[in-house]
Amino acid sequence: MTSPGGLVAALKPAMADFDNVAWLGWTGEEARRTPSAFDHDGMRLVPVRLSEEERELHYEGMANGTLWPLYHDKIQPAEFHRHWYEGYRKVNQRFAEHAAKEAAKGAIVWVHDYQLQLVPGMLRALRPDLRIGYFLHIPFPSPELFSQLPWRRELTAGILGSDLVGFQSPDDAGNFHRLAVSLGEATRTGKNTLDVEGRAVSVRSFPIGIDYERYDTASRDHDVTEESRDLRAQLGQPHTVLLGVDRLDYTKGIDVRLRAFKELLAEERLHASQVSMIQIAEPSRDQVEAYVSLRERVERLVGEINGDFGRVGYPVVHYIHRTRSFSELLAMYRAADVMLVTPFRDGMNLVAKEYVAARHDESGVLVLSEFAGAAHQLKTALLVNPYDIDGLKTAIVQAVDMKADEARRRMRTMRRSVSKDDAVCWATGFLKQLAP
Ligand code: ADQ
């Protein structure tokens, strides 16, 4: 709680126009000793506590064992358990009660993400005077897929407690709009509007952006430049550096990009003396079985590639399974000629935008999955279908061989888009629409 992450950084500047802002959130730990509320950097922080059992049922169970895979097109099977849902409902109720207690009369409350889908409806029942917004950071699936959920009505009605519902892409917004109507939970009043028992609910897309200024400025920093130079020197020059930066999650396509790289080396379309790959994998959800087996798969592939193609002192894949600091990540972005962002499904993918923002000299090539929300905006990336491994291999070779002029043209267009639609633009766009 004392070091708020990217979402707070994105929201904070947009909050400048609002008085008495409070941030409610789970600390991520049991945190028995945290105070009930405290001030940090001009914002009131209100920790919501979860017990070990609630963490298991709500967070690992319903949020990450049911909703996460279901909303990402069932790349992994989604499990449906009544006791998970019951834990999820209770935790959502607690968040709604905290928010009801904190919010001033007629205040705006902005609820975030799939862990808290029931909160808008619960909060409206407690405090009908509030303006309630909800934003989903991950994709929203087709109504056909969503309808498998035994609690489809409850979860849909939960979201519909909002005045404004935001999604990453028009496709996600369209899926929710169709679902609400097909379940009979709302009636259609327009392309972006619904009627819920006489109350208007807007459903729109608000693609999330990053703090472009921060990445652009910091990437020019002397220390970052030095660090990226050192990194390249360690890899051995002249050299093409490929980079992947992801949470270690099965949605991100880390394994498919390693397989593509391995095949390219085996077919001698790429050579270990000329290219190397860095894969940064942020540890994530390591109590969940699917994440444990993904880690094993990825680490086996890294071992196979280095075993088959590496030399003593010169591995072909440099794999780091740790959190990196902001400046270390920037140095990596600066050092990489080709950025590989190949999720099977992703709400947006901020890494793609961070790479673009860090390339202040307009060099570098982004290979981007067409199934990431970011592909709607970064159209001059090399767009790939991560399920088509031959297509992915062709794109990687194309990226490695791309002439500087073409790379610059593509990068310039992407930088314009990422700088224009930044984090403040996203947050103010949403809040302006929500304000009465
Ligand atoms: P995530 O699935 O977490 O986010 P992403 O958007 O790529 O995915 O954000 C990851 C963040 O973590 C980036 O800011 C990145 O720099 C950082 N990161 C990754 N690896 C790291 C490491 N090893 N050390 C330190 N930092 C690391 C969810 C959705 C996305 C959506 C975002 C925001 O799944 O689709 O873009 O929320 O809405």
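Residues numbered from 1 in each chain as written. Predicted model: local features only at pLDDT ≥ 70, side-chain atom pairs only at ≥ 80, totals over all residues. Heavy atoms only, no water.

With 8 of its 9 residues buried, helix α13 (residues 350–358) lies for the most part within the structure. Those residues of α13 that are buried lie in contact with α8 (212–219), β10 (240–247), α12 (326–335), β13 (338–341), β14 (365–369) and α15 (404–420). Two or three places before Val351, at the start of α13, stands the capping residue Asn349, its side-chain oxygen 3.1 Å from that residue's backbone nitrogen. (Buried < 20%, exposed > 50% of the residue type's maximum accessible area, 1.4 Å probe, protein only. Helix = DSSP H or I, 4+ residues; strand = E, 2+ residues; numbered from the N terminus. Contact = heavy atoms within 4.5 Å. Polar contact = N/O pair within 3.5 Å; in protein donor to acceptor, adjacent residues only side chain to side chain.)

A few words on the domain arrangement of the protein chain. Looking at the assigned domains, one finds that the protein chain contains domain 1 (6–209 + 423–434) and domain 2 (212–420). Computed over C-alpha atoms only, the centres of domain 1 and domain 2 are separated by 31 Å. Taken together, the contact between domain 1 and domain 2 spans 22 residues of the former and 20 residues of the latter. When domain 1 packs against domain 2, the two sides together hide about 1,700 Å² of surface, and 60% of this comes from carbon and sulfur. (Domains from an automatic or database assignment. Buried area = accessible area lost by both parts, 1.4 Å probe.)

Our focus in this paragraph is helix α11 (residues 289–309). A rise of 1.5 Å per residue sets the reference length of α11, with its 21 residues, at 30 Å; its end C-alpha atoms lie 30 Å apart and thus fit the reference within 8%. Those residues of α11 not exposed but buried are Ala290, Tyr291, Leu294, Val298, Leu301, Val302 and Ile305. Taken end-on, α11 shows its buried residues confined to a sector of 105°, consistent with a single buried face. Across from the buried face of α11, at angles greater than 90 degrees, the exposed residues are Glu289, Arg300 and Gly307. Buried-residue contacts for α11 involve α2 (52–71), α10 (254–266) and β12 (317–320). (Expected span 1.5 Å × (residues − 1). Arc of directions from axis to C-beta.)

Moving on: the layout of surface pockets. If you add up the space inside the second largest pocket, you get close to 260 Å³. Around the second largest pocket, the lining comprises 17 residues; the ones closest to its centre are Gly65, Glu79, Trp84, Val288 and Glu289. Only α2 and α11 provide two or more residues apiece to the lining of the second largest pocket. Here the element with the most residues in the lining of the second largest pocket is α2; it accounts for 7 residues. For the lining of the second largest pocket, the residue count by class is 8 nonpolar, 5 polar and 4 charged. (1 Å grid on protein atoms, 1.4 Å probe; cavity = no way out; pocket = protein on both sides within 12 Å on 5 of 7 lines; lining within 4 Å. Points joined across faces, edges and corners; volume = space filled by probe spheres on them. Nonpolar A, V, L, I, M, F, W, Y, C, P; charged D, E, K, R; others polar.)

What the 6 strands build is an open sheet, ordered β4-β5-β6-β9-β8-β7; its pairing is mixed. Where the open sheet ends on each side, the last strands, each with one partner, are β4 (108–112) and β7 (187–190). If you compare each strand with its neighbour and ignore which way they point, the axes differ by 25° on average. Where strand β5 (residues 131–135) lies against strand β6 (residues 164–167), 3 bridges are found, and the strand directions are parallel. (Pairing = 2+ DSSP bridges. Axes fitted to C-alpha atoms, helices over the stretch in contact; angles between N-to-C directions.)

By size, the foremost hydrophobic cluster in this structure holds 92 residues, and its most contacted members are Met62, Tyr71, Phe140, Leu155, Leu258, Phe261 and Val367. Per-element tally for this core: the top contributor is helix α3 (residues 82–102), with 8 residues. Split by domain, the residues of this core number at least three in each of domain 1 (6–209 + 423–434) and domain 2 (212–420). Residues contacting Tyr71, with those up to four places away along its chain left out, are Tyr114, Gln117, Leu136, Ile138, Pro139, Phe140, Pro141 and Phe146. Judged by nonpolar contacts, the second largest core, of 56 residues, contains Ala335, Val351, Ala352 and Leu431. (Core = buried A, V, L, I, M, F, W, Y, C linked by side-chain atoms within 4.5 Å.)

All right, on to a negative patch on the surface then. Together, Asp221, Asp223, Glu227 and Asp230 give the surface a local cluster of negative charge. Along the chain, the position of Asp230 falls in helix α9 (residues 222–235). (Patch = residues over 30% accessible without salt bridge, like charges linked within 9 Å, V, L, I, M, F, W, Y side chains within 5 Å. Areas by Shrake-Rupley, 256 points an atom, 1.4 Å probe, with all protein chains shown as cover. Salt bridge = Lys/Arg side-chain N within 4 Å of Asp/Glu carboxyl O. Lys, Arg positive; Asp, Glu negative; His and termini not counted. Charge placed at Lys NZ, Arg CZ, Asp CG, Glu CD.)

Next up on the list: the environment of Tyr59. Inspection of the secondary structure puts Tyr59 in helix α2. Measuring from C-alpha to C-alpha, the distance between Tyr59 and Trp84 comes to 8.9 Å, with 25 residues separating the pair along the chain. Sequence-distant contacts of Tyr59, defined by excluding residues within four places in its chain, comprise Trp26, Glu54, Asn64 and Arg285.

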